[in-house]
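Understanding the architecture of this molecule
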Amino acid sequence: MTTNSVISAIKVLEAVGESQPVGLSELARIVGFPKSTVLRTLRTLEEVGWCRTDDDARWRLTYRAFAVGNQARDAGGLRERALPILHELQLETGETIHLAASDGRELVLLERLDTAHSLRAFLPLGYRIPLNASATGQAYLAACTDLAVDAYLDGGVLEQRTRRTIVDPDSLRARLAEIRARGWSLNQEGLSDGIVAVGAAILDTDGRPLGAVSVSGPTVRMTEAVFDDHGRAVAEAAHRISRGLGTGL
């Protein structure tokens, strides 16, 4: 298999995962390949057990993709180290807890601990989180060097998810300065309408950010009255996770 065919197969596989169930024509439009190329790739992926088609000729990933993805979910040991601390953070705050790891210009959601409240924040595992639009992403960026932030801002237009998403580079720089001074991020309806979150970065042994953790909830519960308490709690949790990764404890 050539390099180009491998790249094509990966792009098709990712597009199926993001849009499933998806028909051939729509998939070809998404990836920008001829339908004949996409169909040939799908048949190959079907043959090796990664994709399947239903009675309506729509394509989905198989559980093989889930199994392999689940193995990659904690390849660096972050989730395993963080999980006990995340449970403590949820008991302390009573809200939904998210753990995300860096992947290019986004974070990927590794773990979610749901609140017992019926009204709650919800993101599916594997969800790709824009750095500029989220509490986890802003906390991660605030822990990056100025050069890394410059590279991020030079890398493309900032994604807008809601009317309150920060998409202006100068405004984002100002937000990052606030986070560095305070020690935790506050994102009010920047990722999802009606949802507020506080977050803090998780660092490796060299002080570089690996990901972030957040406490998220609806505006009716995540009010100014709890910002400081939840912010300090998430910052302490992130510090404990970072320390555990460094010591192996």
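Up top you'll find the structure we're talking about.
Attention in this report is confined to the structure presented alongside it. Quick caveat, the model's predicted, so the values are computed rather than measured. (Residues numbered from 1 in each chain as written. Predicted model: local features only at pLDDT ≥ 70, side-chain atom pairs only at ≥ 80, totals over all residues. Heavy atoms only, no water.)

1. Quick notes on the overall build of the protein
The line we're drawing: Working definition: helices are DSSP H or I runs of at least four residues, strands are E runs of at least two. Numbering for both runs from the N terminus. Using C-alpha atoms as the atom set, the radius of gyration is obtained and then compared with a globule rule of 2.2 Å times the number of residues to the power 0.38. Note on areas: Shrake-Rupley with a 1.4 Å probe; residue coverage comes only from the protein chains shown. Working convention for charge: Lys and Arg count positive, Asp and Glu count negative, and His plus the chain ends are omitted. A single reference atom marks each charge: NZ on Lys, CZ on Arg, CG on Asp, CD on Glu.
A count of helices and strands for the protein gives nine helices and nine strands. The globule rule puts the C-alpha radius of gyration for 249 residues at 18 Å, and the 20 Å found for the protein is close to it. Along the longest, intermediate and shortest principal axes, the C-alpha atoms of the protein span 55 × 40 × 35 Å. Only carbon and sulfur atoms are counted for the fraction: they give 51% of the accessible area of the protein, which is about 13,100 Å². Taken as two groups, the 28 positive and 32 negative side-chain charges of the protein have centres that lie 4 Å from each other.

2. Things to note about helix 1 (residues 3-19)
As a reminder of what qualifies: Expected span of a helix: the number of residues minus one, times 1.5 Å. Categorising residues by exposure relies on relative accessible area from a 1.4 Å probe, with only protein chains included: less than 20% of the type maximum marks a residue as buried, more than 50% marks it as exposed, and the intermediate range marks it as partly exposed. In this description, the arc belongs to the directions extending from the helix axis to the C-beta atoms. We call two residues contacting when some pair of their heavy atoms lies within 4.5 Å.
With 17 residues, helix 1 ought to run about 24 Å at 1.5 Å a step, and its terminal C-alpha atoms sit 24 Å apart, in line with that. Here helix 1 has its buried residues at Ser8, Ala9, Val12, Ala15 and Val16. The buried side chains of helix 1 occupy one side of the element, clustering within an arc of 130 degrees when seen end-on. When the buried face of helix 1 is taken as reference, the exposed residues oriented beyond 90 degrees from it are Thr3 and Glu18. Contacts made by the buried residues of helix 1 are with strand 1 (22-23), helix 2 (24-31), helix 3 (35-47), strand 2 (51-53) and strand 3 (58-61).

3. A closer look at the side chain of Thr96
Let me state the cut-off plainly: Residues adjacent in sequence count toward polar contacts only when both atoms are side-chain atoms; beyond that, a polar contact is any pair of N or O atoms within 3.5 Å, and within protein one must be able to donate a hydrogen and the other to accept it.
Looking at where Thr96 falls in the secondary structure, it is placed in strand 4 (residues 96-103). What makes Thr96 buried here is its relative accessible area of 0%. Of the polar contacts made by the side chain of Thr96, one reaches the backbone nitrogen of Thr115; its length is 3.5 Å. In this structure Thr96 touches Arg112, Leu113, Asp114, Thr115, Arg120, Ala121, Ser214, Val215 and Ser216, once residues within four positions along its chain are discounted.

4. Observations regarding the sheet that holds strand 1
Going by this rule: A pair of strands is treated as paired once DSSP finds two or more bridges between them.
Across the sheet, which stays open at both edges, the three strands sit in the order 1-3-2 with antiparallel pairing between neighbours. Edge positions in the open sheet fall to strand 1 and strand 2, since each of these has one partner strand only. In this structure, strand 2 lies alongside strand 3, joined through three bridges in antiparallel fashion. Among the inter-strand pairings, Thr53 is bridged to a residue of strand 3, identified as Trp59.

5. A look at the pairing of strand 3
As defined by bridge partners, strand 1 adjoins strand 3 across two bridges and the pair is classed as antiparallel. Note on strand 3: the bridge partner recorded for Val22 is Trp59. From the end of strand 2 to the start of strand 3, which pair antiparallel, there are four residues, and Ala57 there has a positive phi angle of about 60 degrees.

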